[in-house]
Amino acid sequence: MSKTGLTEWGTTLRLKDLSASRTHKFKIEPAPEQLHALAEELGIDAVRKVRFSGELRPLGQQDWHLVGEIGATVTQPCVATLQPVVTRIDDPVERKYLSDFKELDAELVEDGETEIEMPEDDTSEALPATLTLSEVAIEALVLALPDYPRAPDATLERTQFTETGKEALTDDDVKPFAGLKALRDKLEKGD
């Protein structure tokens, strides 16, 4: 790490080489060509900027506590209109790298499926030999991306979904009381 705290985007830190007697600050920002590659990797339209900053704090002699913030500006297609939607992300990031981390117990359940009980503390991980800050930043960015980005003026007036050769269901057809209304109308006509 440089004395200014600015670390290159893909720098890998060997945690055992860091002094466990002090906090280590970091700040990484990818270059423009790395932003383009990141957008392609994430499958989104664009990543305009990313900044990941924070510090690695020692927890005892071997363990580490990463506390930081991911800041980014991304462009994704609107789920309704496919128009570009620009989102600003500013989220806290916290990870604990623990030497005595217990791996999750997997349990085999019906149909050969595996069931894993998730721990309450999802910030703890096993202590790695090396830590690539850009990988932590990308993971944090993926978790912060909107699942369904929507343009402010986007509306869906009517939706229709069907198999080829069949009549499409309309929004009115799937309303819970549409069938009862039709039955009521039919009975009223019969009187």
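Note: the structure precedes this text.
Residues numbered from 1 in each chain as written. Predicted model: local features only at pLDDT ≥ 70, side-chain atom pairs only at ≥ 80, totals over all residues. Heavy atoms only, no water.

(A) Geometry of the pattern of salt bridges. As enumerated under the stated definition, the model contains 10 salt bridges in all. A salt bridge links Asp-185 to Arg-184, with the shortest nitrogen-to-oxygen separation between them at 3.4 Å. Here the residues in one salt-bridge network are Lys-25, Glu-55 and Arg-57, joined through shared partners. (Salt bridge = Lys/Arg side-chain N within 4 Å of Asp/Glu carboxyl O.)

(B) Just unusual backbone geometry, in detail. Residue Leu-82 is not a glycine yet carries a positive backbone phi of 70°. Counting through the fold element by element, Leu-82 comes out in the loop between strand E4 (63–77) and strand E5 (84–98). (Helix = DSSP H or I, 4+ residues; strand = E, 2+ residues; numbered from the N terminus.)

(C) How the structure looks around the nonpolar core. The biggest cluster of nonpolar side chains holds 32 residues, and the ones touching the most others in it are Val-50, Phe-52, Leu-66 and Leu-141. A per-element tally of this core places helix H2 (residues 133–144) first, with seven residues. Ignoring any residue separated from it by four or fewer positions in sequence, one finds Leu-66 in contact with Phe-26, Phe-52, Glu-55, Leu-56, Val-93, Glu-94, Arg-95, Tyr-97, Leu-131 and Leu-133. (Core = buried A, V, L, I, M, F, W, Y, C linked by side-chain atoms within 4.5 Å. Buried < 20%, exposed > 50% of the residue type's maximum accessible area, 1.4 Å probe, protein only. Contact = heavy atoms within 4.5 Å.)

(D) Examining the packing of aromatic side chains more closely. Tallied over the full model, the rule gives one aromatic pair. Here Phe-26 and Phe-52 contribute two aromatic rings whose centre-to-centre distance is 5.0 Å and whose plane-to-plane angle is 55°, an arrangement assigned as tilted. Note that Phe-26 is positioned in strand E2 (residues 24–28) and Phe-52 in strand E3 (residues 46–59), a separation of 26 residues in sequence. When its relative accessible area of 0% is taken as the criterion, Phe-52 is described as buried. (Phe/Tyr/Trp six-rings, centres within 6.5 Å; stacked < 30°, edge-to-face > 60°.)

(E) Geometry of the pairing of E5. In the sheet, E4 pairs with E5 via 14 bridges, with the strands oriented antiparallel. Counted as the bridge partner of Gln-76 is Val-85 from E5. Connecting E4 to the next strand, E5, in antiparallel fashion are six residues, including Leu-82 with a positive phi near 70°. Inspection of the sheet shows E5 paired to strand E8 (residues 124–126) by three bridges, in the parallel sense. Across the sheet, Tyr-97 pairs through a bridge with Glu-125, a residue of E8. (Pairing = 2+ DSSP bridges.)

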